[in-house]
Amino acid sequence: MRKIATLGLLATGLIALGCGAGTTDDATSKADAGGAKGDDKPKTAKVGEPARDGKFEFTVKSSKCGVAKIGSDMLGQKAQGQFCLVTVNVKNIGKEAQMFDGSSQKAYAADGTEYSADTGAAIYANKNAETFLNDINPGNQVNGVVVFDIPKNVKLTKLELHDSMFSGGVTVALS
């Protein structure tokens, strides 16, 4: 079951990549991320504050680490280390539909180590699969959980949220 799900995720990701996710130019990314024009360092948002990247406005609602398993006894996934579950609201502030891809999101530890989202585990954390390749129409929003599988002794300090794999991203501090 896990191999089939992984192959399905890879195939869908390749199809989405071939379709071409929306890109933003550098000036738009900086302005949308909250940075002023000419400001090289975009604003860092905090949990509960909206932060923009491209066509999306993200609001991180909460984060919870230390989770060993997601899903039920029959259908679920165990963490290699620990799961960190980040609950996020994603609103499309653009003029056309935009695909939200949980795998484009990144998390960082204090030492700068980058962690990728675990889209396989996110399937079990989201009953409606809202954080996996979900088209969001203009003005609409979804709530979902982005899952990161990190070592047990690591604490996440920030997230880098993206409207697509090609965008500059916006930073949200977790602590």
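Residues numbered from 1 in each chain as written. Predicted model: local features only at pLDDT ≥ 70, side-chain atom pairs only at ≥ 80, totals over all residues. Heavy atoms only, no water.

**Comments concerning the sheet that holds strand β7 (residues 114–116)**
Heads up, the condition is: Here, strands pair whenever DSSP counts at least two bridges between them. The way it works is that DSSP assigns letters per residue, a run of H or I at least four long becomes a helix, a run of E at least two long becomes a strand, and they are numbered from the N terminus.
The strand order across the open sheet formed by 5 strands is β1-β11-β10-β6-β7, and the pairing between neighbours is mixed. In the strand order of this sheet, the two ends are held by β1 (45–46) and β7, each with one partner. Bridge count for strand β6 (residues 106–109) against β7 is 3 bridges, and the pairing is antiparallel. Across the sheet, Ala107 pairs through a bridge with Tyr115, a residue of β7.

**Some words on the state of the cysteines**
Inclusion rule: Pairs of cysteine sulfur atoms within 2.5 Å are identified as disulfides in what follows. We call a residue buried when its accessible area falls under 20% of the maximum for its residue type, exposed when it is over 50%, and partly exposed in between, using a 1.4 Å probe and counting protein chains only.
For the structure shown, the criterion picks out 1 disulfide. A disulfide bridge connects Cys65 with Cys84, and the sulfur atoms are separated by 2.0 Å. When the S-S torsion is 115°, as for the bridge of Cys65 with Cys84, the disulfide is right-handed. Here the residue Cys65 occupies a position in strand β3 (residues 56–71), and Cys84 occupies one in strand β4 (residues 76–92), the gap between them amounting to 19 residues. The buried category is assigned to Cys84, whose relative accessible area is 0%.

**Details of the confidence of the model for the protein**
The condition is simple: Values of pLDDT, the confidence the predictor places in each residue, fall between 0 and 100. Here a residue-residue contact requires only that any non-hydrogen atoms of the pair lie within 4.5 Å.
Of all residues in the protein, 74% have pLDDT values of 70 or greater, and the mean over the chain is 81. Counting contacts from residues 1–39, a segment whose pLDDT is below 50, to residues more than four positions away or on other chains yields 40 contacts.

**Regarding the packing of aromatic side chains**
Centre-to-centre distance and the angle between the planes together describe a pair of aromatic rings. For clarity, the threshold we go by: Classification of ring pairs rests on two measures: the distance between centres of Phe, Tyr or Trp rings, Trp counted by its six-membered ring, which must be within 6.5 Å, and the angle between planes, read as stacked under 30 degrees, edge-to-face over 60 and tilted in between. A ring has a charge above it when a Lys NZ or an Arg CZ is no more than 6 Å from the ring centre and no more than 35 degrees off the ring normal.
Taken as a whole, this structure holds 3 aromatic pairs when the rule is applied. For the ring pair Phe56 and Phe100, a centre distance of 6.0 Å and an interplane angle of 65° mean the geometry is edge-to-face. Separated by 44 residues along the polypeptide, Phe56 in strand β3 and Phe100 in strand β5 (residues 98–100) bring together distant segments of the chain. Of the two residues, Phe56 and Phe100, neither departs from the other in class, the shared state being buried. Among the aromatic residues, those joined into a cluster by ring pairs are Phe56, Phe58 and Phe100. Against the face of Tyr108 rests Lys158, its NZ or CZ located 5.3 Å from the ring centre.

**Points about the sheet that holds strand β2 (residues 50–53)**
The strands making up a sheet associate through backbone hydrogen bonding, with each pair oriented either parallel or antiparallel. Where we set the bar: Here, axes are lines fitted to C-alpha atoms. For helices the fit covers the stretch in contact, and angles between N-to-C directions go from 0 to 180 degrees.
Spatially, β2-β3-β4-β9 is the arrangement adopted by the 4 strands of the open sheet, whose pairing is antiparallel. Of all strands in the sheet, those bounded by a partner on one side alone are β2 and β9 (141–150). When the angles between neighbouring strand axes are averaged without regard to direction, this sheet yields 40°. Here β2 pairs with β3 via 4 bridges, running antiparallel. Following the sheet pairing, Pro50 is matched in β3 by Thr59.

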